[in-house]
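A closer look at the structure
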Amino acid sequence: LVERMVKTLEERPGVKLVLRSALNRWEWDAERRVFHLHFPSGQRDCTRLFLAVPKKALMEMTWPKTAAVEDALNSVLAVSLHRLYGQMYKDSLYPAARTTLAGIRQYIPVNPAKRIAMISYCDTDAADAWKRQYDADPAACKTVLETALTAMEMHCAGSAAQPPVKLRWLRSYYWPEGVHV
């Protein structure tokens, strides 16, 4: 996802990205309406600044004291994000595109040839619920997902009986501040 975002930005005229770099300090030049960014490797100026940091770190930074900046900072809402990846033992009848499923939210094929998918991509309360369920009992969480995937297989097959979906493995990835809105 991040690689696609970077590629999209790099293709835009005039865009210069600085990735995975320590930012020593920055200043806002209100007159010229630019940010002066100071890195260990030197200084760069920019008119737009995108930061990928937790809300707590964002709030601890020194910002210009304006009502607009205060309103923007106060409008940031940290939202949890959870992803469950798994590999199925058999080929899936799911489409090779993103699919929304009740309960598990989004099913996203990652590598159909190897039967690997992001079985659940969700945020907010659903992310927190899946995190709690996985942490409490990974095997039970896997069974719940297998049941949901089997039901979806039957739906894709037009209600024809299908062998149950079984997962070879299941991995959980959770970020308490995975999304900012």
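Up top is the structure.
Cut-offs applied
- Residues numbered from 1 in each chain as written.
- Predicted model: local features only at pLDDT ≥ 70, side-chain atom pairs only at ≥ 80, totals over all residues.
- Heavy atoms only, no water.
- Helix = DSSP H or I, 4+ residues; strand = E, 2+ residues; numbered from the N terminus.
- Expected span 1.5 Å × (residues − 1).
- Buried < 20%, exposed > 50% of the residue type's maximum accessible area, 1.4 Å probe, protein only.
- Phe/Tyr/Trp six-rings, centres within 6.5 Å; stacked < 30°, edge-to-face > 60°.

On to helix H5 (residues 138-156), then. Spanning 19 residues, H5 covers 27 Å between terminal C-alpha atoms, matching the ideal 27 Å at 1.5 Å per step. Listing the buried residues of H5 in full gives Cys141, Leu145, Glu146, Leu149, Thr150, Met152 and Glu153. Two residues or fewer past H5, Gly158 is found with a positive phi of approximately 75 degrees.

Our focus in this paragraph is unusual backbone geometry. Although it is not a glycine, Arg33 sits at a positive phi angle of roughly 60 degrees. Here Arg33 shows up in the loop between strand S1 (25-29) and strand S2 (34-39). Even without glycine at this site, Thr124 takes up a positive phi of about 55 degrees. As for its position among the elements, Thr124 is in helix H4 (residues 124-136).

Counted according to the given criterion, the structure contains 3 aromatic pairs. Look at Trp28 and Phe35: their rings are 4.7 Å apart centre to centre, the planes differ by 55 degrees, and that puts the pair in the tilted class. Its relative accessible area of 13% is what places Phe35 among the buried residues. Every member of this aromatic cluster is reached through a ring pair, and the members are Trp26, Trp28 and Phe35.

Worth remembering: the numbers are spatial, not functional.
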